[in-house]
Structure formats: structure tokens, C-alpha cells
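Next come the chains, spelled out residue by residue.
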Amino acid sequence: MARRWRGQPNVRYSSRYDGASMSEAMQSQSFDDLGVPGPMTRALALEGKVTAFPIQQDTLPDSLAGRDILGRGRTGSGKTLAFAIPMVARLASHGSGTRAAVEEFEREKNRIQRERASGRKPSRRMPHPRGLILAPTRELANQIDEVLAPLARAMRLTTVTVYGGVKQGRQVAGLNAGADIVVACPGRLEDLLRQNLLSLESVEVAVLDEADEMADMGFLPAVERLLAQISDRAQCLLFSATLDHGVDKLVKRFLHDPKIHSVDEATSPVALMTHHVFLTTRDGRFPLVCALAKGQGKRILFTRTKFQAEKLARRLRSHDIPATDLHGNLSQRQRDRNLALFTDGGVNVLVATDVAARGIDVSGVALVVHVDPPNDPKSFLHRSGRTARAGHAGDVVTLVMPDQRRGALRVLREAGIHVKPVSVREDSPEVGELVERVEREAEVWRRESEEALHAAEERAAEERAAEAKRQMRLDRHDDDTPAGMATGKASRRKERQPSGKAPNANGRNKRNKRRKKTSNAPRFVEDSSLAVNARGGRRVHRKPIRVVEDLRGEDAKRHDRQVAARAEFRRSPDRHKRGRRDYRNGR
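Residues numbered from 1 in each chain as written. Predicted model: local features only at pLDDT ≥ 70, side-chain atom pairs only at ≥ 80, totals over all residues. Heavy atoms only, no water.

Quick word on the overall build of the chain
Going by this rule: Secondary structure follows DSSP: runs of H or I at least 4 residues long count as helices, runs of E at least 2 residues long count as strands, and numbering of each begins at the N terminus. Burial status follows relative accessibility: with a 1.4 Å probe on protein chains alone, a residue under 20% of its type maximum counts as buried, one over 50% as exposed, and anything between as partly exposed. For this analysis, residues touch if any pair of their heavy atoms sits within 4.5 Å. Values of accessible area rely on a 1.4 Å probe in the Shrake-Rupley scheme; residue burial ignores everything except the protein chains shown.
Counting its secondary structure elements, the chain contains 21 helices and 16 strands. For the chain, the residues scored as buried account for 44% of the 587 residues in total. Put simply, of all contacts in the chain between residues at least 6 apart along the chain, 73% involve residues at least 24 apart. Summed over its atoms, the accessible surface of the chain is roughly 32600 Å², and 50% of this surface lies on carbon and sulfur atoms.

Dropping the structure here:
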């Protein structure tokens, strides 16, 4: 049943999947069924993505048709692909036609004419990206680019990330190279616009990801200024886990007759996520954290402050538990290094602040531990959403000390989590059972990832083999040389022949046998430089050659005689009766 959304009275609210029908819908439609272009479907299949998630199934028909979308779903529901696929598909379809090229040429010609008419020298062409994605954090921008880049390559498009904390030289170079899609944080993007290093007037598709997080971080004024520079004809897609804190103002101003899709409430519990509330003391918290952090599976431990994250990671390493930290005090290079170390399996424990609560999509995270409980239910849900992603199970543990009990339980109730607190120690049976379950889930993740990697390698090998065969056929038919034409005629004649032996096959086989028999006979010649084969031409060391004249110097000949004499001396039965001089001279 359609409901009206409170913040937008003229927009219909669509919730197509709920309850048990959601799992059925997840298994019912593939990306091919949803109308995704073939090259993108093959690129997704190479990564093991064949079936669309509910939010993708719900939004792709409308977004591929060009409608503005307001998508709502909890973290880990697949929102990134839901806006990456329609963006790449639309830009690729528009960029392949002549209309876009003609419009770009006209704009550039008019600009040059205006500058010349004003008496100025025409400046270099300013980059005009055609796709824009705004994200609140650098980690989320990189995560989006990792998902977007394979699809863009499949459609011959390029991407670039723009965010602060690093030098802008490489980002500007990517823009000047003609990047089609920009994945940016609002602050750095505004800096580049003020420096006249790019223009947003050619943007055809604009996406706002995690708009509520940008509102919480105070980015909404910058987002409004950026969207005001985009053409009214551009398609706008807004995806977020929640729609509050001023997001409705963005919807009313910049989205035109949007279709709202919500496949799941932001506060709805995840069916495969198990919550645990462990009561502990201040002295017993670190031993309990060590017990939860040990193992082969990936864990994320959340703390409240940067200092606590750094200190906890250092203490875990001192207890032989490989751990790394992620917080705002690190430079972008350090953050990328630590996150890559955790993603690639160099360490199994990541100690982080809320900077990792969004945009960190690491496969195989089986356990999330709230070492310091958050202050609001939204942060709790986003922290917990780092596990139980993409249909896998996961566990979430909240550690509560006596002075935190009242506030922590209130946050859990507001988040819709109703779990009975349990007092535990590091050696309690509940902790041991939880660690065993986490290890089993980590093993399932590992086995599935290996199977997916093996299947992707097989598909890639099949693609390469098919491409090689196709290229071989093209080369065979396109070769203009006499040899190539003869080969092409022979191959085409062979393809036209029905099953069975080719004509005169017996005669050719007999001639080949006679030729092979004669060619196998050893031949010796007097001079190796004049060695030829039976058909004429110089032979390149394919048969043994007998040397009839030794043209080496006397020293080389003497050395060979001495080596042969020493070998003979070692084989003689009376070698113990001879002296060293006889051995050296071979006597």
C-alpha cells in the first residue's frame, strides 16, 4: 500500500518488498532482467554479482528510465550499486551519440568567441565532468570509487576522486585528463571550483550518498551551493539510510517529481545480525576485549575517542593480537594504509572511531564490538552495520560498565534492540560460544570468497579465450598478405567442409610421413655456417653438427687435454701410486 511521506506531500512513497517476500525478490531478478547493459552485467559477473538486492531491484527500473530517485535503506543494503549502475548507463548512452559531442563543441566555440570578443586570450578548456557523486567522508568516497570504477571501465568511462587531506595535484590531473565521473567530498570540491579548475554545468547525473550524515556534519549549505550549479535537466538520485535533519529541503528544491523507494526501515533489525550486551567492570573490560579479539575472523572494535582507539590498538599489539587503528588524527595515506592492511588480511582487528561507521565495506567482518557504547541510536546502527552484510550472518557485542548501563540500554531501546544484559568475564561460557560462532562464520566467509574468486577467474579465462578466438578470426580474414590470404582461404575452405576427412587427406598424410621420415635422419655437414635444411635456406641449429676442424687457440686445447687426463687419473685403479705432478699433467 502506498503511503505519503510527511516531508514531501506531492511524492508517492513506495515500499515494494517487506517480510518474507524480500528474500524471494532477492532471488528472483538478475541484473539482466532489470535491463542493465551487457558490458556492465559481465563486469558485475566477474565480481560474483549476478542477483540484485531488493533496493536495486526496486530502484533500477525507474532510475534507468531517467527519473529522480529518493532511495531509503539501511546500511549494507546495496545502495552504492543502486546509483552507480544507472549513472554509468546513462552517461555511456549519451556520450556515445553525436548530439552530446555537438553540444560540447558548440559550448566550447561560444566560450572562445566570447573571450575573444572581450579582448582576452582564450583560456584552456576547463574540465566539464558529466557525473557527480557527493559523499560525506574520504573513506566513503574511495569505497564508492572502488565499486564504480569497474562499471565505468566496462563502458569506456573514467572516474576521479576529490577529497581533502591530500594534495590536489593528482586530482586536478585526473580532471584535466577528461574524467567523466567525479566522486567528491563537498569541501575540496568547492575549493577546486573557487580556483576555476572545473565546472559543473555539464553534469547530467548527480548523486547524494548518505545525505543525513552530510547534514549531521554540517555539509548541507555546501551541498546546496554545489547542486545550484548543476543544470535543472540533470537527473538527481538521493540515497541514504535515514531522511531527516534538513534532507527534506534538498528534496523539495532539487529533486523533480521523485520516486521514493524504501525497501527497509533504517531502524529495522537485520535478521542475520545477533546482538549481545555484556556487563563488565572497568578492570575486566580489557581482558574481555582480548578474548573477543583473538581468532582468525575479522573484527571491528569501536571506541568513542581517537586517543582511546590508538591506545587500545597499541595494547592489543602488546598482547600478540595483530591490530591497527583508524581515526581522524591519521593522515589520508595512513588511513588508506591501515584500512588496506585490514582489508587484505594483514591484521584481523581494526580499532576505529565513528569515522569507520560509514563507507567501510570490508567483506568477512564477523564481529563488531562496541567497546564504548555510542550516544545515539543512529551511530549504533551504522556501527553495527559493518557486519551481517550481503546476506551473511554477524554478531554485535556491546560492552557496558556499571556507570554506562542506563544510557546504553536507552540507546538500544531507541534502536529497536531488545536484549537481556549478561554479566560475563573473559572465561565465561557465553564468551567462548560467541568466539566459536564467529570463527565458524569467518570460515564460511573465507570459503565463499575463495569460491567466488575461483569462479571469477574461470569466467575471466573464458572471456579471454573467447576474445582470443574472435581476434584470431578477425586477423585471419583481415590479413592482406599473400600468406595471410592463403591461410584465410584454407581456413574458410576447411570451415565449409562438412564432418569427415578433407579431400586428398590420405595423399597428404603419406607425403607428410615420408617427409617426416627423411627429416628425422641425422645429417652432418662440414661447416655449420652453411647448414641448410632439405627445402633450402639456412638452418638454425635444429640438428646435431659434426665439427671436423678445431679452430680454438692452443690454451683452450691444452685445458681440455688436462681436464680429460685428470678424469682418466681419477678412474685409474693405481692412482694412489702416482704423485701430484702426474695428476696435474695427466700422467
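Describing the pattern of salt bridges
Stated formally: Counted as salt bridges are all cases of a side-chain nitrogen of Lys or Arg within 4 Å of a carboxyl oxygen of Asp or Glu.
Across all of its chains, the model carries 23 salt bridges by this definition. Residue aspartate 62 pairs with lysine 259 through a salt bridge whose shortest N-O separation is 3.4 Å. With aspartate 62 in helix H3 (residues 54–64) and lysine 259 in strand E9 (residues 259–262), this pair connects stretches of sequence that are 197 residues apart. Each member of the pair aspartate 62 and lysine 259 is classed as buried. In this structure, arginine 194 engages aspartate 191 in a salt bridge whose closest nitrogen and oxygen atoms are separated by 2.4 Å. On the criterion of helical spacing, the pair formed by arginine 194 and aspartate 191 is a turn pair, its members being three residues apart in helix H8 (residues 186–194). Judged by relative accessible area, arginine 194 falls into the exposed class, the value being 59%. Owing to a relative accessible area of 30%, aspartate 191 belongs among the partly exposed residues under this scheme.

Quick notes on the packing of aromatic side chains
Under the convention used in this document: Stacked, tilted and edge-to-face are the three classes assigned to paired rings of Phe, Tyr and Trp, where Trp is represented by its six-membered ring and a pair needs centres within 6.5 Å; plane angles under 30 degrees give stacked, over 60 edge-to-face, the rest tilted. Sitting over a ring, as applied to charges here, requires NZ of Lys or CZ of Arg to be within 6 Å of the ring centre and within 35 degrees of the ring normal.
Applying the stated criterion across every chain, the model contains one aromatic pair. Between the aromatic rings of phenylalanine 83 and phenylalanine 239, the centroid separation amounts to 5.7 Å while the plane-to-plane angle is 50 degrees, which identifies the pairing as tilted. In this pair, phenylalanine 83 is assigned in helix H4 (residues 79–95) and phenylalanine 239 in strand E8 (residues 235–240), connecting sequence segments 156 residues apart. Seen from the ring of phenylalanine 342, lysine 298 lies directly overhead, with NZ or CZ sitting 5.8 Å from the centre. The side chain of arginine 315 reaches across the aromatic face of phenylalanine 286, ending 3.8 Å from its centre.

Here we look at the environment of valine 251
Positionally, valine 251 belongs in helix H11 (residues 247–254). The exposure class of valine 251 is buried, given its relative accessible area of 0%. Placed 14 residues apart in sequence, valine 251 and leucine 237 show a C-alpha to C-alpha distance of 9.8 Å.

Remarks on the packing of helix H6 (residues 138–154) against helix H14 (residues 332–343)
Between two packed helices, what matters for the description is the angle formed by their axes and the separation of those axes. Quick note on the threshold: Whenever a helix is involved, its axis is fitted only over the stretch in contact; in every case the axis is a line through C-alpha atoms, and angles between N-to-C directions fall within 0 to 180 degrees. Small angles under 35 degrees read as roughly parallel and large ones over 145 as roughly antiparallel, with 65 to 115 read as roughly perpendicular and the rest as oblique. Handedness of each helix crossing follows the sense of rotation of the near helix against the far helix: counterclockwise by less than a right angle gives left-handed, clockwise gives right-handed.
Interhelical geometry of H6 versus H14 gives an angle of 55 degrees and a closest axis separation of 11 Å. Relative to H14, the element H6 is oriented oblique. Between H6 and H14 lies a crossing of right-handed hand. Counting all contacts with H6, which are made through Arg138, Glu139 and Asn142, the residues of H14 involved are Gln332, Arg335 and Asp336.

Here's the deal with the side chain of glutamine 57
Where we set the bar: Residues adjacent in sequence count toward polar contacts only when both atoms are side-chain atoms; beyond that, a polar contact is any pair of N or O atoms within 3.5 Å, and within protein one must be able to donate a hydrogen and the other to accept it.
Within the element layout of this structure, glutamine 57 appears in helix H3. The class of glutamine 57 is buried, set by a relative accessible area of 1%. A polar side-chain atom of glutamine 57 sits 2.7 Å from the main-chain carbonyl oxygen of alanine 52.

So, unusual backbone geometry
We note that arginine 156 has phi near 60 degrees; this positive angle belongs to a residue other than glycine. Secondary-structure assignment places arginine 156 in the loop between H6 and strand E5 (159–162). With a relative accessible area of 78%, arginine 156 lands in the exposed category. The phi torsion at aspartate 320 lies on the positive side, around 60 degrees, for a residue other than glycine. Structurally, the position occupied by aspartate 320 is in the loop between helix H13 (306–318) and strand E12 (323–326). On the basis of relative accessible area, aspartate 320 is assigned to the exposed category, the value being 70%.

Considerations on the packing of helix H12 (residues 285–293) against H13
Remark: H12 packs on H13, axes separated minimally by 11 Å, with the N-to-C direction vectors making an angle of 70 degrees. What the angle tells us is that H12 and H13 run roughly perpendicular. Crossing angle aside, the handedness with which H12 passes H13 is right-handed. In this structure, H12 uses Phe286, Val289, Cys290 and Ala293 to contact H13, whose residues at the interface are Leu312, Arg315 and Leu316.

Topic: H11
Let me state the cut-off plainly: Within this analysis, the arc is defined by the directions that extend from the helix axis to the C-beta atoms.
Among the residues of H11, Val247, Leu250, Val251 and Phe254 are the ones counted as buried. Down the axis of H11, the sector holding all buried residues measures 100 degrees, keeping them to one side. Away from the buried face of H11 by more than 90 degrees, exposed residues Lys249 and Lys252 are located.

Overview of the side chain of glutamine 235
Within the secondary structure, glutamine 235 sits in strand E8. Overall, glutamine 235 belongs to the buried group, its relative accessible area being 1%. Engagement of the side chain of glutamine 235 in a polar contact is seen with the side chain of arginine 90, the distance being 3.1 Å. Setting aside residues up to four positions removed in sequence, glutamine 235 forms contacts with Ser63, Gly66, Arg67, Asp68, Arg90, Glu204, Val205 and Ala206.

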